[in-house]
Amino acid sequence: MSTRTGPQHYPGANRDHWYQDDFGGDRMEVNVVVLHTTEGRSLPDYQGGSVAPNLTAVPDFAARKLKWYQHFDIDISSRALANLRGGVETNTLNVCQVELVGTCDPSLHSKWTARGQGHLYWPKAPEWALRAVAQYLAWMNIHHHVPLRGPALWPAYPKSAGNGGGQRMSGARWSAFKGVCGHMHVPENTHGDPGAIDFDGLLGFAKAAVQD
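As recorded in an unreviewed UniProt entry, the protein chain goes by N-acetylmuramoyl-L-alanine amidase and comes from Streptomyces achromogenes.

Trainee: Which parts of the structure should I look at to understand helix α6 (residues 199–211)?
Mentor: Within an α-helix, residues lying three or four positions from one another point in the same direction, as the helix has 3.6 residues per turn. Between its first and last C-alpha atoms α6 spans 19 Å; for 13 residues at 1.5 Å apiece the expected length is 18 Å, and the two agree. All buried positions along α6 are accounted for by Phe199, Gly201, Leu202, Leu203, Phe205, Ala206 and Ala209. Here the buried face of α6 lies against β1 (32–37), α4 (127–144) and β5 (179–182).

Trainee: Explain the pattern of salt bridges to me, please; I cannot follow it from the model alone.
Mentor: A pair can form between side chains of opposite charge whenever their charged atoms are brought close. Overall, the coordinates contain 2 salt bridges when judged by the stated rule. Between Arg4 and Asp73 there is a salt bridge; the shortest N-O distance is 2.8 Å. Of the two residues, Arg4 sits in the segment before α1 (20–23) while Asp73 sits in the loop between β3 (65–70) and β4 (95–100), which places them 69 residues apart along the sequence. Overall, the relative accessible area of 28% leaves Arg4 in the partly exposed class. When its relative accessible area of 8% is taken as the criterion, Asp73 is described as buried.

What counts and what doesn't
Residues numbered from 1 in each chain as written. Predicted model: local features only at pLDDT ≥ 70, side-chain atom pairs only at ≥ 80, totals over all residues. Heavy atoms only, no water. Helix = DSSP H or I, 4+ residues; strand = E, 2+ residues; numbered from the N terminus. Expected span 1.5 Å × (residues − 1). Buried < 20%, exposed > 50% of the residue type's maximum accessible area, 1.4 Å probe, protein only. Contact = heavy atoms within 4.5 Å. Salt bridge = Lys/Arg side-chain N within 4 Å of Asp/Glu carboxyl O.

Rendered as C-alpha cells:
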C-alpha cells in the first residue's frame, strides 16, 4: 500500500458527487494525469459512480470558467479506464483521471451546433477553458510532482479511436510513463478522447502558472 503525500482535494472542487465511500479504491502516489472527454454536455452520473474519474470539469459559459467536481481523492484510484485481466494495470497505476465535459467528436460538435446546444468542443477550446485545465495541471505539478510533459501524438478523433493515429502506448511504455496523457494513449483501452486538444498550449499555460 502506497503512502499518500500532498493535498487530496483540488481547491474549490465540489464534493456533492463523492463516490469513494461507495467504491473505495487503491492508495497510490500519483505521477500521471489522464485527460478524458465525456462526450456529453453536463455532469454525468457515471452509472452511480461505478465508472467515475477522480474529477470532472464542467464548463460555465456565462462565467467563462470550469466548475470542478471531485469524486475520489487525488491519490485514490478511480474507475474510468478499461483494465483487462492479466495485462498491465490502468486505473490503479498511479493515475489521477479528469473528465472534461464536452466532446472531441467533430460530428457530434456539428450536430450540437446545428441545434444551438451549447457545449465545449475540446479540439477548439477557448483560451479560458484551456487555462482552467492548465491551472489544475500546474497544481498537480506543484503538489504531486506530476511532470508537465506528455506524448507527442494527439491525433484528432475519430482517427484516435483504437490506435488509428499510432498514439497508444505499449504496456511497457505505459508502466514507465510519468506526466500527462489522454484516454487515447492508455493501453487496453479503445476510446479516442480527448482527440486533438491543444496539448502544447495546455503545457505552456501550465508551466507559466507554475512560475506565477
